[in-house]
Amino acid sequence: MLDLTGKVAFVAGAGSVADGWGNGRATAVLLARQGARVFGTDSSEEALAGTSAMMNAEGLENWLGRRTDMTASEEVREAVDDCIRHFGRIDILVNNVGGSAPGDPVSLSEEDWDKQIDRNLKTAFLGCKHVLPHMERQFQADGKGGAIVNISSIASMSYQVGGRVHVGYAASKAGLESFSRATAIAYVRRGVRVNTVVVGMMDTPLVSHRLTKQLGVGSAEELVAKRNALVPIGRMGNAWDVANAVVFLASDEAAYITATQLVVDGGVTAGRPGAIENN
Ligand SMILES: NC(=O)c1ccc[n+]([C@@H]2O[C@H](COP(=O)([O-])OP(=O)(O)OC[C@H]3O[C@@H](n4cnc5c(N)ncnc54)[C@H](O)[C@@H]3O)[C@@H](O)[C@H]2O)c1
């Protein structure tokens, strides 16, 4: 089950904003544990070094990281070429780069709006633009195309009154899901599957590092307790919950699954803890 031996994975955003397990880092390591050779990009050398350290600690040698800004087309093309040079092919593409900036249409600057679209949507567009031709060529050569998994957020479809407002993030992640479905259908006869993992509230380094500051909460512990209470299952998820979903969608076990979303949110978008207690 979920054996990725012989496959090559390209993970965009394979680092983590701080020490520990971000979604991209956990995904890169899990893909490698399952037997894939993994090429990771990140805009931060330090974040990539952290992932290399985790790979080394587990003796996972088929890993290569390259500093790349996934919003810059030429850099993405060079990274894809580098991956092909080293590993010969790309079977799996994970577009994990993303992050939110707070603001409503009035308070969010035009510049930050553009940055949100670039970071959450253009990165996936450019990943697909440069990887898809290789997957299509592979499909024509040996019948093995590829699988693309894009990382979205429940911010695309769930809004809490009095909660965090981030219209640029919500719009760009909703756009990412639509982009995924449209690309899936465009390539459905060309050997490429495209799916999206829609991520709920995760206890990743991003929460303690960035959100504690942005949300003006006293401590990371306070923020974690607040967010745990909002999840029907009783706790936030973690990067491994995301990584497990990605590995499944990327694997041959998901061969008949394309153009869909897998929501990994502990039930947040379907219900609230209060609703469960009242039953
Ligand atoms: N953590 C959560 O609670 C949560 C919830 C929903 C969705 N998500 C999504 O999961 C994904 C990853 O989240 P995370 O918590 O692991 O975040 P993270 O910030 O720890 O990891 C993202 C990585 O991408 C890198 N990156 C940023 N901009 C880049 C660029 N232009 N080019 C290349 N690399 C770049 C960062 O350096 C970082 O290492 C994002 O798409 C995010 O929107 C996270």
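Scroll up to find the structure this text is about.
How each quantity is defined
Every chain is numbered on its own, with residues counted from 1 as its sequence reads. Totals for whole chains, interfaces and linings use every residue, but because this is a predicted model, local features are given only for residues with pLDDT of at least 70 and side-chain atom pairs only at 80 or more, for both listing and counting. Side-chain measures were taken over the full set of non-hydrogen atoms in the model, leaving aside hydrogen atoms and water. We define a nonpolar core as any set of buried Ala, Val, Leu, Ile, Met, Phe, Trp, Tyr and Cys residues linked to one another through side-chain atoms lying within 4.5 Å. The cut-offs for exposure are 20% and 50% of the maximum accessible area for each residue type, with area from a 1.4 Å probe on protein chains only; residues under the lower value are buried, those over the upper are exposed, and the others partly exposed. Strands are runs of DSSP state E lasting at least two residues, helices are runs of H or I lasting at least four, and both sets are numbered from the N terminus onward. When checking whether two residues touch, look at their non-hydrogen atoms; a contact exists if any pair is within 4.5 Å. DSSP-based pairing: two strands are paired if at least 2 bridges between them are found. Working convention: axes come from line fits to C-alpha atoms, limited for helices to the stretch in contact. Angles between N-to-C directions cover 0 to 180 degrees. Here a cavity denotes a set of grid points, spaced 1 Å apart and computed over the protein atoms alone, in which a 1.4 Å probe fits but from which it cannot get out, and a pocket denotes an open set meeting protein on both sides within 12 Å along at least five of seven lines; residues with an atom within 4 Å of a point are reported as lining. Grid points are joined across faces, edges and corners, and a volume is the space filled by probe spheres set on the points. Think of it as three bins: nonpolar holds Ala, Val, Leu, Ile, Met, Phe, Trp, Tyr, Cys and Pro, charged holds Asp, Glu, Lys and Arg, and polar takes everything else, Gly as well. Stacked, edge-to-face and tilted labels apply to pairs of Phe, Tyr and Trp rings (six-membered ring for Trp) whose centres lie within 6.5 Å, assigned for plane angles under 30 degrees, over 60, and everything in between, in that order. Looking down the strands as they point away from you, a crossover is right-handed if its path from the first strand over the helix to the second goes clockwise. For a helix, the expected span equals 1.5 Å multiplied by the number of residues minus one. The directions from the helix axis to the C-beta atoms form the arc being described. Here a polar contact is recorded for every N or O atom pair within 3.5 Å, except that within protein the pair must consist of a potential hydrogen donor and a potential acceptor, and residues adjacent in sequence are included only if both atoms are side-chain atoms. Think of it this way: one heavy atom of a residue within 4 Å of a molecule or strand is enough to make that residue near it. Computed with a 1.4 Å probe, the accessible areas rest on the Shrake-Rupley method; for each residue, only the protein chains presented here act as cover.

Q: I'd like a description of the nonpolar core, backed by residues and values.
A: Residues Leu-31, Val-38, Ile-151 and Val-197 are the most contacted members of the largest nonpolar core, which totals 32 residues. Elements with a minimum of two residues in this core: β1 (8-12), α1 (23-33), α2 (45-57), β4 (92-95), β5 (146-153), β6 (192-199) and α8 (239-250). Looking at which element gives the most residues to this core, the answer is α8, with eight residues. Setting aside anything within four residues of it in sequence, one finds Val-38 in contact with Ala-9, Val-11, Ala-28, Leu-31, Ala-32, Asn-62, Trp-63, Leu-64 and Phe-87. Counting residues in each nonpolar core, the second largest holds 27 residues, with Leu-121, Ala-124, Val-131 and Leu-176 among its members.

Q: Tell me about the sheet that holds strand β2 (residues 37-42), and name the residues and values.
A: Strand order in the open sheet formed by seven strands is β3-β2-β1-β4-β5-β6-β7, and the pairing between neighbours is parallel. A strand with exactly one partner marks an edge of an open sheet, and here the two such strands are β3 (63-67) and β7 (261-264). In this sheet, neighbouring strand axes are inclined to one another by 15 degrees on average, regardless of whether the strands run parallel or antiparallel. Pairing between β6 and β7: four bridges, direction parallel. Within the sheet, the bridge partner assigned to Val-199 lies in β7 and is Val-264. Along the sheet, α2 makes contact with β2 and β3, crossing β3 at roughly 175 degrees. The sheet contacts of helix α4 (residues 110-142) involve β4, β5 and β6, and relative to β4 the element is tilted by about 175 degrees.

Q: Tell me about the layout of surface pockets, and name the residues and values.
A: Within this model, the second largest pocket holds a volume of roughly 290 Å³. What lines the second largest pocket is a set of 15 residues, among which Gly-145, Gly-146, Gly-191, Arg-193 and Asp-252 lie closest to the centre. In terms of residue class, the lining of the second largest pocket is made up of five nonpolar, five polar and five charged.

Q: How would you sum up the packing of aromatic side chains? Please name residues and give values.
A: With the rule as written, the count across this model stands at three aromatic pairs. Both rings, one in Phe-10 and one in Phe-39, keep their centres 5.4 Å apart while their planes meet at 20 degrees; by these two values the pair is stacked. Highlighted residues: Phe-10 in strand β1 and Phe-39 in strand β2, separated in sequence by 29 residues. Centroid distance Trp-21 to Trp-240: 4.7 Å. Interplanar angle 55 degrees. Geometry classified as tilted. Of this pair, Trp-21 sits in the loop between β1 and α1 while Trp-240 is found in helix α8, placing the two residues 219 residues apart along the sequence. Judged by its relative accessible area of 24%, Trp-21 is partly exposed. Accessibility expressed as a relative area gives 21% for Trp-240, which makes it partly exposed.

Q: Please provide a residue-by-residue account of the pairing of β1, values included.
A: Remark: a regular strand shows side chains that alternate across the two faces of the sheet. With respect to burial, β1 is a largely interior element, five of its five residues being buried. Burial along β1 is two-sided: Val-8, Phe-10 and Ala-12 facing one way and Ala-9 and Val-11 facing the other are all buried. The parallel pair β1 and β2, bridged by α1, forms a crossover whose chirality is right-handed. As paired strands, β1 and β4 are joined by four bridges and run parallel to one another. Residue pairing across strands places Phe-10 opposite Leu-93, the latter belonging to β4.

Q: Could you give me a rundown of α2, with the residues and numbers involved?
A: The end-to-end C-alpha separation of α2 is 18 Å, in line with the 18 Å expected for 13 residues at 1.5 Å each. The set of residues buried in α2 consists of Ala-47, Leu-48, Thr-51 and Met-55. Each buried residue of α2 lies within a common arc of 100 degrees when the element is viewed along its axis, so the set occupies one face. Away from its buried face, by an angle of more than 90 degrees, α2 presents the exposed residues Glu-45, Glu-46, Asn-56 and Ala-57. Turning to α2, the residues buried within the fold contact α1, β2 and β3. Between the side-chain oxygen at the start of α2 and the backbone nitrogen of Glu-46 there is a gap of 3.3 Å, and the oxygen is on Ser-44. Positive phi shows up at Gly-59, right after α2, with a value of about 70 degrees.

Q: Quick one: what's the story with the site of the ligand, residue by residue and with numbers?
A: Near the ligand lie 31 residues; those nearest to it are Val-17, Asn-23, Asp-42, Asn-96 and Tyr-169. A distance of 3.0 Å is found between an oxygen atom of the ligand and a backbone nitrogen or oxygen belonging to Ser-16. One of the backbone N or O atoms of Gly-98 is found 3.5 Å from an oxygen atom in the ligand. Look at the ligand: alone it shows 830 Å² of surface, and the protein chains cover 93% of it. Counting residues per element, the shell around the ligand draws most heavily on β5, at three residues.

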